[in-house]
Amino acid sequence: MFKERVELGAESYTVQYSSDPYVSLGSALYPYQGKKIMMILDENVDSIFGHILMSHFNASCHSPIKFVFPAGEENKTLEQATRLVDFALQKNFNRDDVFLIIGGGVVGDMGAFAASLCLRGIPVIQVPTTLLAQVDSSIGGKTGVNHIKGKNLIGTFYQPKQVIVSPYFYRTLPEREMRTGFGEVIKYAMIKSQALFNQLNGWLNENPLSEAKNYPETFWESILGQCVHIKSTVVSEDEKESGLRMILNYGHTFGHAIETATQYSQYTHGEAIAIGMNMAALIARGMGLCEESLVLEQQALLRLAGLPVQADGLEINDLFNIIKVDKKVKNGKLTLVLPEKIGTVRIVPDIDEGEIYKILQEVMP
Ligand SMILES: NC(=O)c1ccc[n+]([C@@H]2O[C@H](COP(=O)([O-])OP(=O)(O)OC[C@H]3O[C@@H](n4cnc5c(N)ncnc54)[C@H](O)[C@@H]3O)[C@@H](O)[C@H]2O)c1
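**Quick notes on the site of the ligand**
Piece 1. Of all residues adjacent to the ligand, which total 30 residues, the nearest are Asn44, Gly104, Gly105, Val106 and Ser137.
Piece 2. Among the secondary structure elements, those contributing two or more residues to the shell around the ligand are helix 2 (43-59), helix 4 (105-117), helix 5 (131-137), strand 8 (150-157) and helix 6 (175-192).
Piece 3. Structurally, the shell around the ligand is a two-domain feature, drawing no fewer than three residues from each of domain 1 (3-172) and domain 2 (175-363).

Take a look at the structure:
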């Protein structure tokens, strides 16, 4: 059991590990007794956990109002977020009521975005149900929806009041979603922890990812603890991404462009990030920032986790057209997070677009 505090002054909160999320949920909702609770899920999570959640609420005398989003990244839109705001206003929500968001990163980002807009801020409790959302999207207060021009181009910074993480939810998680979560776990290892990288390597060599549902809780507690600690430390130091927090975007500039170019249908977020991390490592090697061995070791671990390292059939030109409207481009120059060693990355500003283009032309098939 761990409790990690995200230190943000008056906005501080805890990320709590729990074997039994229903018990932890009861405690998290204690301050909201007598208040309205909006339970926000997507249709998949609702069909699996909706009933059992409701029965726990009934037993603890809470009677939440339920709001269900259609599932999928393609539905992470302003229109869907507005639907939730409309619904909350129709139900007369106040700023001392609460949004309880239970689901993957799509629902987490979109629900918290709606919460930040509604009445200038309704409190949020996040109960992430995917590995990716537990190690990453539910922590740190980045909310948002996609725009036709790119990923997460509309959004706010809005911190939750509490986050509850639990491997309880993994038993129903499709294997592809488990792999996609490992994409972000490997990202943490690459940016901050050689030890985590080694642990993952050793573990996945002995315990194939297809067995992930049977991994012991001790493994999950260790992995979640390390990732949550890295994320909360970085966010505590740089909430609004003016510096250090950018390292969390390792692999994301290209990853987001891949997701946009393929209309969110070909790759999951973690798969696209895996390809993006490989591209970042290839660029780092091309610029002389890291050794060839780093590229190969990272590729090997990504493959062990069943993740792709190459985007088939994608034109570099198309990716660049998308990257140009990415929030990370300033004055026509690109800032990239590039690896130096396993566990160490560097934020490299003012990289000439042409240089990256040239390297990618050489290394991509
Ligand atoms: N805000 C941030 O800092 C941040 C960081 C990383 C990623 N993200 C965002 O997170 C999103 C990706 O999140 P995701 O990978 O969780 O995707 P997701 O929310 O689409 O969930 C993946 C799929 O799994 C289903 N699902 C969720 N929990 C389940 C469970 N326990 N059992 C069975 N099915 C379940 C969902 O219905 C969905 O079909 C992207 O939109 C990405 O931009 C945000």
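**Side note on the domain arrangement of the chain**
How large an interface is tends to be reported as the accessible area lost when its parts come together.
Piece 1. Under the domain assignment used here, the chain contains domain 1 (3-172) and domain 2 (175-363).
Piece 2. In this structure, domain 1 and domain 2 have C-alpha centres spaced 26 Å apart.
Piece 3. The interface is formed by 27 residues belonging to domain 1 together with 32 residues belonging to domain 2.
Piece 4. Those elements that provide at least two residues to the side of domain 1 that touches domain 2 are strand 1 (3-6), strand 2 (13-17), helix 5 and strand 8.
Piece 5. With 5 residues, helix 5 is the single largest residue contributor to the side of domain 1 that touches domain 2.
Piece 6. Here the side of domain 1 that touches domain 2 is built from residues that sort into 12 nonpolar, 7 polar and 8 charged.

**Regarding the sheet that holds strand 6 (residues 124-128)**
Adjacent strands of a sheet pair through backbone hydrogen bonds, lying either parallel or antiparallel.
Piece 1. Strand order in this open sheet of 7 strands is 1-2-9-6-5-3-4, and the pairing throughout is mixed. Two strands lie at the open edges of the sheet, namely strand 1 and strand 4 (65-69), each paired on one side alone. Within the sheet, the average angular offset between the axes of one strand and its neighbour, ignoring direction, is 20°.
Piece 2. When strand 5 (residues 98-103) meets strand 6, the two strands line up parallel, connected through 5 bridges.

**Description of the environment of Ile40**
Piece 1. Checked against the element boundaries, Ile40 lands in strand 3 (residues 37-42).
Piece 2. As a C-alpha pair, Ile40 and Gly9 span 31 residues in sequence and 27 Å in three-dimensional space.
Piece 3. Not counting residues up to four positions away in its chain, the partners in contact with Ile40 are Phe67, Leu84, Phe99, Leu100, Ile101, Ile102, Val107 and Gly111.

Cut-offs and rules
Residues numbered from 1 in each chain as written. Predicted model: local features only at pLDDT ≥ 70, side-chain atom pairs only at ≥ 80, totals over all residues. Near = placed C-beta within 6 Å. Helix = DSSP H or I, 4+ residues; strand = E, 2+ residues; numbered from the N terminus. Domains from an automatic or database assignment. Contact = placed C-beta atoms within 7 Å. Nonpolar A, V, L, I, M, F, W, Y, C, P; charged D, E, K, R; others polar. Pairing = 2+ DSSP bridges. Axes fitted to C-alpha atoms, helices over the stretch in contact; angles between N-to-C directions.

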